[in-house]
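Letter by letter, the chains look like this.
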Amino acid sequence: MNDSASPFGNQHALPPVRDATPLQTEEVLDRADGTSRFDIRRIKNVFRRNRARAHDDGPRVVAVNDSAACAAYGYYGNHISTTKYNLATFVPKFLFEQFSKYANLFFLFTSVIQQVPNVSPTNRYTTIGTLSVVLLVSAVKEISEDLKRATADKELNSSRIEIFRGTDFVTKKWIEVRVGDVVRVRSEQPFPADIILLSSSEPEGLCYIETANLDGETNLKIKQGREETADLVDPHSLIGLTGKIMSEKPNSSLYTYEGTLTLNGREIPLAPDQLLLRGATLRNTAWIHGVVVFTGHETKLMRNATATPIKQTDVERIINLQIVALFGILIILSLISSLGNVIKISVSADSLGYLYLEGTNKVLLFFKDILTYWILFSNLVPISMFVTVEIIKFYQAYMIGSDLDMYFADTDTPTVCRTSSLVEELGQIEYIFSDKTGTLTRNIMEFFSCSIAGRCYTEVIPEDKNATMIDGVEVGFHTFQTLLDDHLVSGPNRQVIDEFLTLLAACHTVIPEVKDDGTIKYQAASPDEGALVDGAASLRYKFTVRKPKSITLENPSGTLLTYELLNICEFNSTRKRMSAIYRCPDGTIRLYCKGADTVILERLSEEGGLYVDDTLRHLEEFASDGLRTLCLATRVIPEAEYHSWAEAHARAATTLDGRADALDACAEIIERDLFLLGATAIEDKLQDGVPETIHTLQEAGIKIWVLTGDRQETAVNIGMSCKLLSEDMNLLIVNEETKEAVKENLVSKLQAINSHQISEQEIDTLALVIDGKSLGFALEADLEDYLIEIGTKCKAVICCRVSPLQKALVVKMVKRKRKALLLAIGDGANDVSMIQAAHVGVGISGMEGMQAARSADVAIGQFKYLRKLLLVHGSWSYQRISQAILYSFYKNIILYMTQFWFVFINCFSGQSLMESWTLTFYNVFFTVLPPFVLGVFDQFVSARHLDRYPQLYQLGQKKRFFNVTIFWSWIINGFYHSAVIYICAIYIYKYENTLAGGNMSDHWSWGVAIYTTCTLTALGKAALISNMWTKYTLIAIPGSFAFWILFFPAYAVIAPLVNVSQEYKGVLPATYGSLTFWAMVFCLPVLCLMRDLLWKYYKRMYRAESYHHVQEIQKYNIADYRPRMEQFQNAIRKVRQVQRMRKQRGFAFSQAEEGQEKIVRMYDTTQKRGEFGEMREAH
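Analysis parameters
- Residues numbered from 1 in each chain as written.
- Predicted model: local features only at pLDDT ≥ 70, side-chain atom pairs only at ≥ 80, totals over all residues.
- Heavy atoms only, no water.
- UniProt positions renumbered as here; feature names shortened; annotations may be inferred.
- Helix = DSSP H or I, 4+ residues; strand = E, 2+ residues; numbered from the N terminus.
- Buried < 20%, exposed > 50% of the residue type's maximum accessible area, 1.4 Å probe, protein only.
- Areas by Shrake-Rupley, 256 points an atom, 1.4 Å probe, with all protein chains shown as cover.
- Arc of directions from axis to C-beta.
- Phe/Tyr/Trp six-rings, centres within 6.5 Å; stacked < 30°, edge-to-face > 60°.
- Lys NZ or Arg CZ within 6 Å of the ring centre and 35° of its normal.
- Axes fitted to C-alpha atoms, helices over the stretch in contact; angles between N-to-C directions.
- Parallel < 35°, antiparallel > 145°, perpendicular 65-115°, else oblique.
- Left-handed = near helix turned anticlockwise from the far one by under 90°.
- Contact = heavy atoms within 4.5 Å.
- Nonpolar A, V, L, I, M, F, W, Y, C, P; charged D, E, K, R; others polar.
- Pairing = 2+ DSSP bridges.
- Expected span 1.5 Å × (residues − 1).
- pLDDT = per-residue confidence, 0-100.

- In the nomenclature of an unreviewed UniProt entry, the chain is known as Phospholipid-transporting ATPase of Babjeviella inositovora NRRL Y-12698.
- Regarding the chain, the UniProt comment filed under Cofactor (unreviewed entry) reads as follows: "Mg(2+)".
- Its UniProt record, at the heading Sequence similarities (unreviewed entry), says of the chain: "Belongs to the cation transport ATPase (P-type) (TC 3.A.3) family. Type IV subfamily."

Written out as structure tokens, the structure is:
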């Protein structure tokens, strides 16, 4: 099979990667990212391969119709799993993920130290207990999310398929399919495994399959069983079917296959034409019979998938590094305190005799003190924060899933956040990598408009677009109804209209199939062709019968006309046109030709260009609207000329040397002196809201790359219609055959961009378009720098004809070269690798199946929901998580740093300032709610304004809410507040610690005063940073302080009675009964937070952020007049479109290349199908 006829498109892209094993494939992707990714399943795969190694030395042996014999070889079953864990891998993989967080390692080490006798100044179980809770909460979250994946896998594995058992087909689950089984797949059903095609309902074992789920191409591919098996159409013929298949071993190459079928002693070669891949879907074919050769994770689709990766968010990465720095601070504090203890004992030994320290080994004491202080200061890193953040993320994911604005009612599909740990990354995305088919488009073609004899027709005339005469030129549209009722009946161009619609109904390779109810279903390998024939039928020119040598059309008057099919000059990407030669009912020989305007217009006769100017004007308007265009032309061929040409064509068709070129040259001879009839416009229907969503995301500063398996013209056309590309953009095309040419192209473009010192506004006019073969070269190590530099300078990038692994490699390259956060979105199995390679993967539950949605971090029903997912939920999640994390560190530092200040007056003894259980309760009860409220309910800007001002999204891209500088400003602020509270407390209690009756307050009473002051200060800080006050805020902030004030008296009385917290005996009267206590508690927080309040005022008044202005617009409900300006700009843009689209105008048409004439001549649709729905070959 030559390249152009490849069933899956481009065969040249990265063959070393496609031919790799799954393990090698994952290694290639990992190397591309520059990282090593842990996955326990790789170890499992090694053991599995070792177990089956005895059968891997040679080709795979498949016993046809005998799955029991195949079972002896130990082939894998058809079970598919996309889960992150299983029973064997959960513990090691989960623990690896959790302890890759430095904080958890730190607390594990602290827990171990606490178990050492006479070292810990606090209860030995406080840290290990809290760490266990953290791990338990994380485990429950991970298990619940993985169970959702397992449920989706179970649903897929339980799909139904017909398997031949005994004497007939029985319905079983996919999971029950085994290698060697003969299965029947019906129309519109996906293939459950990789299958060798035996026979089908169509002549000679033909069938049509849709591979959009594999390669993104919208064309239907034609597969054909071997003639030796094409007659196996009924169950009776399968009963005695025995034989074996010597097959290649499982591999990841979607585009190749080699095997040999031995049947009745005959060896029959097998090629890719006979292989039906899992992930593809049967179309326009009633049924097929086939033998299963690869199942489950051995199928080519699953071999192209990578294991579910462990993803870490950018915020987590920053926290990890900063926690290392905090560890350093903690060690310094411990060293200072330990060294102070040793020096104090040495210098003041004479006055410390009552401690009996004689003979103490000061070196051992020093290291023991380090451990003691390590434990005492360990809460500088808030362990409770990790539980809090996990719960916040889980609830944010729940709110995303509960948003009715992102619920797609047509398919009953809510948004599902499968990986809640990544929610804040949704607010920091800089690049979106999108599939085209099924993601941006619906993969539905519709005959939208046509230009005939210089007049434009459409179904529904757009507003203010009725046909009018301006300066002698007709502009605007007529309706199709006007065409049928008036222009076709009595108009001056009725003959041209008749020829145009006849051409639409005749020049194609569509097969008509009459249903039981009398309706006709058109089976088309190309959705474009199907749309054109449907369009002709809707205009009363019905294509009704196809025979090997003729077709029958029904005209508007109901007359059946038979056209004798003489020749077809097939479409290919070089010719960009297709012609059919017919002997018409009037006896004349006519050539009907359709194709790109560039190739049609240059083949017109002098008289044939009568409508060129008007047609070109209409083509420009069609192209500016993103429609797929074709020109239609015809000529009458004299009898003598045809016979002479037919002889030359027959010789070309039988030549053995350069047959394709000879046929193209022969077609060139007859396709001349054409008469232009007009043009068609097909709408590749976009999903709702795609243009608006892309425009808004670009306004938000997000760069969008489209990675598609479709051809270049189609991809560019869709780019125009979805507003990814605009009318004033300059397209940088890279479409080369060699590595040297690709390098020269990239370097020259880069030099041109750099030499002209292009401004930011001019960069917005650049778009890169690169095809799969060029991309394969550009992704190599010595060229990728050129590619990434050009790509990041462009506003949009379109990669055409790319393989699934190329998609992943592009994402990996950008991830490695640009330290930006990436999102990949797709809906097909071919998008899974790309989705898993990105920081955030989004799957669309679309027409191409659920594989992408199952493997993604977030699943949505429509592309348009990406707008609210990122701009609103993403921005909220990022800001909320940032505030919750920063506040959690702050509130711990403000309290626990007082322990350090205390060592300077307790002789560095390690004495705790506060009772240990009360310290634990600080994070468990009294300051636990503010982070939750900040992380769940706070809104720094409303959803409406976040959508209205997409530029606010750049706050996340620029890390304005969480970065190293902000993190340490909060840490330093915590140090400052703790120092102010501690120093002021010393001086307050130094002179005002006398109680009624003359008693003095002890240090436990003083500790309670400091504890209460720190708690109120921390809660006051939460109040200062809250953007939105709700009933939950009132419960969390004032409510938490009221809870402490009520809790302490009860605890201080009851706890000592049950032999807990003995330190609190007599403390209650010394605190609540002291005016000094209350004065300190309410005055010091005001003193601490005064600086914060002044800084907040200064920031808003003199260094305001963009969201500060929007907050004022929101608060005072200031009117916004931008919509009028946008309408004006859109009008101006439309005026400029027609002028600038001339350089962009081209055609976009999707059609199978070559082999079409042979196929259409097999059909005689007047014959009725057999007992089993089969259609025999016509003779």
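Having seen the model, we can carry on.
**With respect to the overall build of the chain**
Link 1 in the chain: In terms of regular secondary structure, the chain is built from 43 helices and 36 strands.
Link 2 in the chain: Taking all 1179 residues of the chain together, the buried fraction comes to 59%.
Link 3 in the chain: A total of about 47200 Å² of accessible surface is found on the chain, and carbon and sulfur atoms cover 57% of it.

**As for helix α14 (residues 480-490)**
Link 1 in the chain: Turning to α14, its buried residues number three or more, namely F480, L483, L484, H487 and L488. The buried residues of α14 occupy an angular sector of 135° when projected down its axis, which confines them to one face.

**Here we look at the packing of aromatic side chains**
Link 1 in the chain: Here the structure, examined in full by the defined rule, presents 64 aromatic pairs.
Link 2 in the chain: A ring pair is formed by Y85 and F90, whose centres lie 5.1 Å apart and whose planes are at 75°; its orientation type is edge-to-face. In this structure, Y85 and F90 share a single accessibility class: buried.
Link 3 in the chain: Centre to centre, the rings of F940 and F961 are 5.2 Å apart; their planes meet at 70°, and the pair counts as edge-to-face. In this pair, F940 is assigned in the loop between α32 (929-936) and α33 (943-948) and F961 in the loop between α34 (954-957) and α35 (964-991), connecting sequence segments 21 residues apart. No difference in accessibility class separates F940 from F961, as the two residues are buried.
Link 4 in the chain: One cation-aromatic arrangement involves K1021 over W970; the distance from NZ or CZ to the ring centre is 4.9 Å.

**So, the environment of P203**
Link 1 in the chain: Mapping P203 onto the fold places it in the loop between β5 (194-200) and β6 (206-210).
Link 2 in the chain: The exposure class of P203 is buried, given its relative accessible area of 0%.
Link 3 in the chain: Spatially, the C-alpha atoms of P203 and Y1163 are 7.0 Å apart, while their sequence positions differ by 960 residues.

**Overview of the packing of helix α11 (residues 314-347) against helix α12 (residues 362-377)**
Link 1 in the chain: In the contact formed by α11 and α12, the axes pass within 8 Å of each other and the chain directions differ by 135°. When the axis of α11 is compared with that of α12, the two are oblique. α12 is crossed by α11, and the crossing has right-handed handedness. Residues L330, I331, L333, S334, L335, S337, S338, L339, N341, V342, I345 and S346 of α11 touch α12, and the partners they reach there are K362, L365, F366, D369, I370, Y373, W374 and F377.
Link 2 in the chain: Among the residues making up the contact of α11 with α12, the classes are represented as 13 nonpolar, 5 polar and 2 charged.

**Looking at the sheet that holds strand β8 (residues 244-247)**
Link 1 in the chain: In space, the 4 strands of this open sheet follow the order β1-β8-β9-β10, with antiparallel pairing throughout. At either margin of the open sheet sits one strand with a lone partner, and together these are β1 (60-63) and β10 (266-270). The sheet shows a mean angle of 20° between the axes of neighbouring strands, taken without regard to direction.
Link 2 in the chain: In this sheet, β8 lies alongside β1 in antiparallel orientation, the contact comprising 4 bridges. By the bridge assignment for β8, A63 is matched with K244.

**Here we look at the environment of R867**
Link 1 in the chain: Secondary-structure assignment places R867 in helix α30 (residues 865-903).
Link 2 in the chain: It is 9.7 Å that separates the C-alpha atoms of R867 and M406, two residues lying 461 residues apart in sequence.
Link 3 in the chain: Look past the residues within four positions of R867 in its chain and what remains in contact with it is E692, T693, T696, L697, V872 and D947.

**Points about helix α19 (residues 639-654)**
For the α-helix, the turn length of 3.6 residues means that residues three or four positions removed from each other point alike.
Link 1 in the chain: Along its 16 residues, α19 runs 23 Å from first to last C-alpha, staying within 8% of the 22 Å computed at 1.5 Å per residue.
Link 2 in the chain: Of the residues making up α19, those classed as buried are Y642, W645, H649 and A652. For α19, the arc enclosing every buried residue in end-on projection is 85°, short of the 170-degree limit, so these residues lie on one face. Facing away from the buried side of α19 by more than 90 degrees, the exposed set consists of A640, E647, R651 and T654.

**Quick word on the confidence of the model for the chain**
In regions of low pLDDT, the predicted coordinates are not meant to be interpreted in detail.
Link 1 in the chain: Overall, the predicted model of the chain reaches an average pLDDT of 84, with 87% of residues at or above 70.
Link 2 in the chain: Low pLDDT (under 50) marks residues 1-55, which in the prediction has 114 contacts with non-local residues, meaning those over four places away or in another chain.
Link 3 in the chain: For residues 1134-1146, every residue scores under 50 in pLDDT, and the model assigns this stretch 29 contacts once sequence neighbours within four places are set aside.

**Re the sheet that holds strand β2 (residues 160-165)**
Link 1 in the chain: Spatially, β3-β2-β4-β13-β5-β11 is the arrangement adopted by the 6 strands of the open sheet, whose pairing is antiparallel. Sheet topology places β3 (168-173) and β11 (275-276) at the edges, where each strand pairs with a single neighbour.
Link 2 in the chain: As paired strands, β2 and β3 are joined by 6 bridges and run antiparallel to one another. From the neighbouring strand, I163 faces β3, where its bridge partner is V170.

**With respect to the pairing of strand β16 (residues 441-452)**
Link 1 in the chain: Here 8 bridges tie β16 to strand β29 (residues 675-686), and the two strands are oriented antiparallel to one another. Residue pairing across strands places C450 opposite T680, the latter belonging to β29.
Link 2 in the chain: Judged from the 4 bridges that link them, β16 and strand β17 (residues 455-458) form a sheet pairing that is antiparallel. Paired with S451 across the two strands is C456, which belongs to β17.
Link 3 in the chain: Counting the residues between successive antiparallel strands, the hairpin from β16 to β17 contains 2 residues, one of them, A453, with a positive phi of roughly 55°.

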